[in-house]
Amino acid sequence: MASSTDSSPAIDDEVRQLYERYQAAESDAERREIALEMGKLDGHRHAEIYAALENE
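Residues numbered from 1 in each chain as written. Predicted model: local features only at pLDDT ≥ 70, side-chain atom pairs only at ≥ 80, totals over all residues. Heavy atoms only, no water.

Novice: What should I look at first to understand a nonpolar patch on the surface in this one?
Specialist: On the surface, I49, Y50 and L53 cluster together into a nonpolar patch covering about 300 Å² of accessible area. Note that L53 resides in helix α2 (residues 28-54). (Patch = residues over 30% accessible without salt bridge, like charges linked within 9 Å, V, L, I, M, F, W, Y side chains within 5 Å. Areas by Shrake-Rupley, 256 points an atom, 1.4 Å probe, with all protein chains shown as cover. Salt bridge = Lys/Arg side-chain N within 4 Å of Asp/Glu carboxyl O. Helix = DSSP H or I, 4+ residues; strand = E, 2+ residues; numbered from the N terminus.)

Written out as structure tokens, the structure reads:
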């Protein structure tokens, strides 16, 4: 399970940056693109969590 906690701070920073970009976005298209990036990142994080749970 250490692998999911090792990447967590980096993911948190990336999420924070994406959120800040989303807030500063000037168009719906830009916000949509950022939201897709956030979804991909969230999916990767969930996959790491589920993999760690399977290994317990």
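There's plenty left to go through after this.
Novice: Would you take a moment to explain the pattern of salt bridges for this structure?
Specialist: Note on pairing: side chains with opposite charge can pair once their charged atoms come close. Here the structure, examined in full by the defined rule, presents 4 salt bridges. R21 is paired through a salt bridge with E37; the nearest N and O atoms lie 3.3 Å apart. A residue pair is termed long-range when its members are at least 10 positions apart, and R21 in helix α1 (residues 2-24) and E37 in helix α2 qualify at 16 residues.

Novice: Which parts of the structure should I look at to understand the environment of R31?
Specialist: Tracing the sequence through the fold places R31 in helix α2. Given the relative accessible area of 23%, R31 is considered partly exposed. Measuring from C-alpha to C-alpha, the distance between R31 and L18 comes to 9.8 Å, with 13 residues separating the pair along the chain. Ignoring anything within four residues of it in the chain, the contact list for R31 reads Y22, A25 and E26. (Buried < 20%, exposed > 50% of the residue type's maximum accessible area, 1.4 Å probe, protein only. Contact = heavy atoms within 4.5 Å.)

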